[in-house]
Amino acid sequence: MTMWEMLAVFVAGISAGTINTIVGSGTLITFPVLLATGLPPVTATVSNALGLIPGSISGAIGYRKELAGQRPRVLKLAVGALVGGLTGATLLLALPSTAFETIVPILVAMALVLVILQPRISKAVQRRREHTGVPARPDGGPLLFVGLMLASVYGGYFTAAQGIIYLSLMGMLLDDTMQRLNAVKNVLAALVNSIAALFFLFVADFDWTAVVLIAVGSALGGQIGAKVGRRLSPVVLRALVVTVGTAAIVQLLLR
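Starting afresh in each chain, residues are numbered from 1 along the sequence in its written order. Under the rules for a predicted model, residues below a pLDDT of 70 receive no local features and side-chain atom pairs below 80 are neither given nor counted, while totals for whole chains, interfaces and linings still include all residues. To obtain the side-chain values, all non-hydrogen atoms of the structure were included, while hydrogens and water were left out.

Q: Would you mind going over the overall build of the protein chain in detail, with residue names and values included?
A: A run of DSSP states H or I qualifies as a helix once it reaches four residues; a run of E qualifies as a strand once it reaches two. Both are numbered from the N-terminal end. Per the secondary structure count, the protein chain includes 12 helices and zero strands. When the elements of the protein chain are put in sequence order from the N terminus, they spell out α-α-α-α-α-α-α-α-α-α-α-α. Here the protein chain holds 255 residues, and 49% of them are scored as buried. Contacts in the protein chain between residues far apart in sequence, at least 24 positions, make up 85% of those at least 6 positions apart. Only protein chains enter the area calculation, which uses a 1.4 Å probe; residues under 20% of their type maximum are buried, those over 50% are exposed, and those in between are partly exposed. Note on definitions: a residue-residue contact is assigned when non-hydrogen atoms from the two residues lie within 4.5 Å.

Written out as structure tokens, the structure reads:
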């Protein structure tokens, strides 16, 4: 890489770490930049997954206050995330890229619809619970576990917009604030990135220069994202999710 290319990758890492912590979809920033430096798509994907690990961990640490009292929930959902992430990483090396590229925009669009409708759906679910007398499950039940595991398969494969899918599923099935759900999202994303990257270390090619630049940049961005994201109201956070997700769909369709 030239010095200008290295600077571009570093700045992309900061941006990705920031936006991943607040919403998700940071890969849509780093991935095109890595391709522009001349890296093959799979090498770029693998290098990106490795580089974003410090950013995910940094964002999760930044949201540690919102994680208070959520340990049982996180531990249960983490199992599904790890299984899904490893499965997705395996599929990246086994399947042609077109297999997921077709369905990804559809998945993101569905997630955005759920995010937009989440307040109304949550109220309807709450009224139903009050009518039936059945309390909300703190872990979201089997439906959330399976949904997040499937989302993690996609996350281990490409990662772009996985945070948006996580937030939409948890917003539907958990009775909690957006900020606390965002904290769980950051932990799950860190786990998926880590398990996928661990797998890639042994079976795939990656570019260490890109990995280091994105790692340092995303770690800085994770702290920035935590400070900014924790100050956003639920309405603003939801609007940001929809805006970033829409941009993700456009980029994925044009790619």
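Q: Run through the environment of G163, naming residues and quoting values.
A: Relative to the elements of secondary structure, G163 occurs in helix α9 (residues 162-173). Sequence separation between G163 and A151 is 12 residues, and the spatial gap between their C-alpha atoms is 9.0 Å. Leaving out residues up to four positions away in the same chain, G163 has contacts with V23 and K185.

Q: Break down the nonpolar core for me, with residues and values.
A: Residues grouped as a nonpolar core are buried Ala, Val, Leu, Ile, Met, Phe, Trp, Tyr and Cys residues, joined through side-chain atoms within 4.5 Å. With 42 residues, the main nonpolar core has L34, L148, Y166, M170, L188 and F200 as its most contacted residues. By residue number, the principal contributor to this core is helix α10 (residues 178-203), which donates eight residues. In contact with L188, other than residues within four places in its own chain, are L77, A78, A81, L148 and Y166.

Q: Go over the side chain of N186 with me, naming the residues and quoting the values.
A: With respect to the helices and strands, the residue N186 is situated in helix α10. Judged by relative accessible area, N186 falls into the buried class, the value being 3%. By the criterion applied in these results, polar contacts are pairs of N or O atoms within 3.5 Å in which, for protein atoms, one can donate a hydrogen and the other can accept it, and in which residues neighboring in sequence qualify only through two side-chain atoms. Looking at N186, its side chain comes within polar contact range of the main-chain oxygen of T21, at 3.4 Å. Setting aside anything within four residues of it in sequence, one finds N186 in contact with N20, T21, S56, G59, A60 and Y63.

Q: Just give me the short version of a nonpolar patch on the surface, but keep the residues and values in it.
A: Residues V42, L93, L198, L201, F202, V203, W208, V212, V216 and L220 make up a contiguous nonpolar surface patch of about 960 Å² in total accessible area. Those elements giving two or more residues to the nonpolar patch turn out to be α10 and α11 (208-229). With respect to the element layout, V216 can be found in helix α11. V216 sits in the partly exposed class, given a relative accessible area of 44%. Like charges are joined within 9 Å and nonpolar side chains (Val, Leu, Ile, Met, Phe, Trp, Tyr) within 5 Å, but only among residues with over 30% relative accessible area and no salt bridge; these make up the patches. The accessible surface values rely on the Shrake-Rupley method and a 1.4 Å probe; as for residues, cover is taken only from the protein chains in view. Any Lys or Arg side-chain nitrogen found within 4 Å of a carboxyl oxygen on Asp or Glu counts as a salt bridge.

Q: How would you summarise the packing of aromatic side chains if you had to cite specific residues and measurements?
A: Under the pairing criterion, centres of Phe, Tyr and Trp rings, with the six-membered ring standing for Trp, must be within 6.5 Å; the plane angle then separates stacked pairs below 30 degrees from edge-to-face pairs above 60, leaving the rest tilted. Applying the stated criterion to the full structure yields two aromatic pairs. Ring geometry for F206 against W208: centres 4.9 Å apart, planes inclined by 90°, an arrangement best described as edge-to-face. Using a relative accessible area of 53% as the deciding quantity, one classes W208 as exposed.

Q: Hey, could you go over the packing of helix α1 (residues 3-22) against α10 for me, with residue numbers and the actual values?
A: Two elements in contact, α1 and α10, have axes separated by 8 Å at closest approach and are oriented at 130°. In terms of orientation, α1 lies oblique with respect to α10. For the pair α1 and α10, contact is made by N20, T21 and I22 and by N182, K185 and N186, respectively. Looking at side-chain class alone, the contact of α1 with α10 contains one nonpolar, four polar and one charged residues. Axis lines are fitted to C-alpha atoms, over the contacting stretch for helices. Their N-to-C directions set the angle, which ranges from 0 to 180 degrees. In this scheme, roughly parallel covers angles under 35 degrees and roughly antiparallel covers those over 145, while 65 to 115 is roughly perpendicular and the rest are oblique. We call Asp, Glu, Lys and Arg charged. Ala, Val, Leu, Ile, Met, Phe, Trp, Tyr, Cys and Pro are nonpolar, and the rest, Gly among them, are polar.

Q: Tell me what's going on with α1, and back it up with residues and numbers.
A: A helix's residues, less one, multiplied by 1.5 Å, set its expected span. The terminal C-alpha atoms of α1 lie 29 Å apart, and with 20 residues this matches the ideal 28 Å at 1.5 Å per residue to within 8%. Just past α1, the residue G24 takes up positive phi, approximately 130°.

Q: Describe the packing of helix α4 (residues 53-62) against α11, listing the residues and the values that go with them.
A: Interaxial distance between α4 and α11 falls to 7 Å at its minimum, and their mutual angle equals 20°. Taken as axis vectors, α4 and α11 run roughly parallel relative to one another. In this structure, α4 meets α11 at a crossing whose hand is right-handed. On the side of α4, the interface is formed by P54, G55, S58, G59 and G62, while α11 contributes A215, S218, A219, G222, Q223 and A226. Residues belonging to the contact of α4 with α11 are distributed by class as follows: four nonpolar, seven polar and no charged. With the far helix as reference, a near helix turned anticlockwise by less than a right angle produces a left-handed crossing, and one turned clockwise produces a right-handed crossing.

Q: So, empty space enclosed by the protein: which residues are in play, and what are the values?
A: Of the two site types, the cavity is a set of points on a 1 Å grid over the protein atoms alone where a 1.4 Å probe fits but cannot get out, and the pocket is an open set with protein on both sides within 12 Å along at least five of seven lines, each lined by residues with an atom within 4 Å of a point. Grid points are joined across faces, edges and corners, and a volume is the space filled by probe spheres set on the points. All told, the structure shown has one cavity of 30 Å³ or more when counted by the stated rule. For the largest cavity, the calculated volume is near 160 Å³. Around the largest cavity, the lining is made up of 17 residues, and of these N20, G24, S56, A189 and N193 lie nearest the centre. For the lining of the largest cavity, the secondary structure elements donating two or more residues are α1, α4, α9 and α10. Split into classes, the residues belonging to the lining of the largest cavity amount to two nonpolar, 14 polar and one charged.

By themselves, these are just geometric observations and shouldn't be taken as functional.
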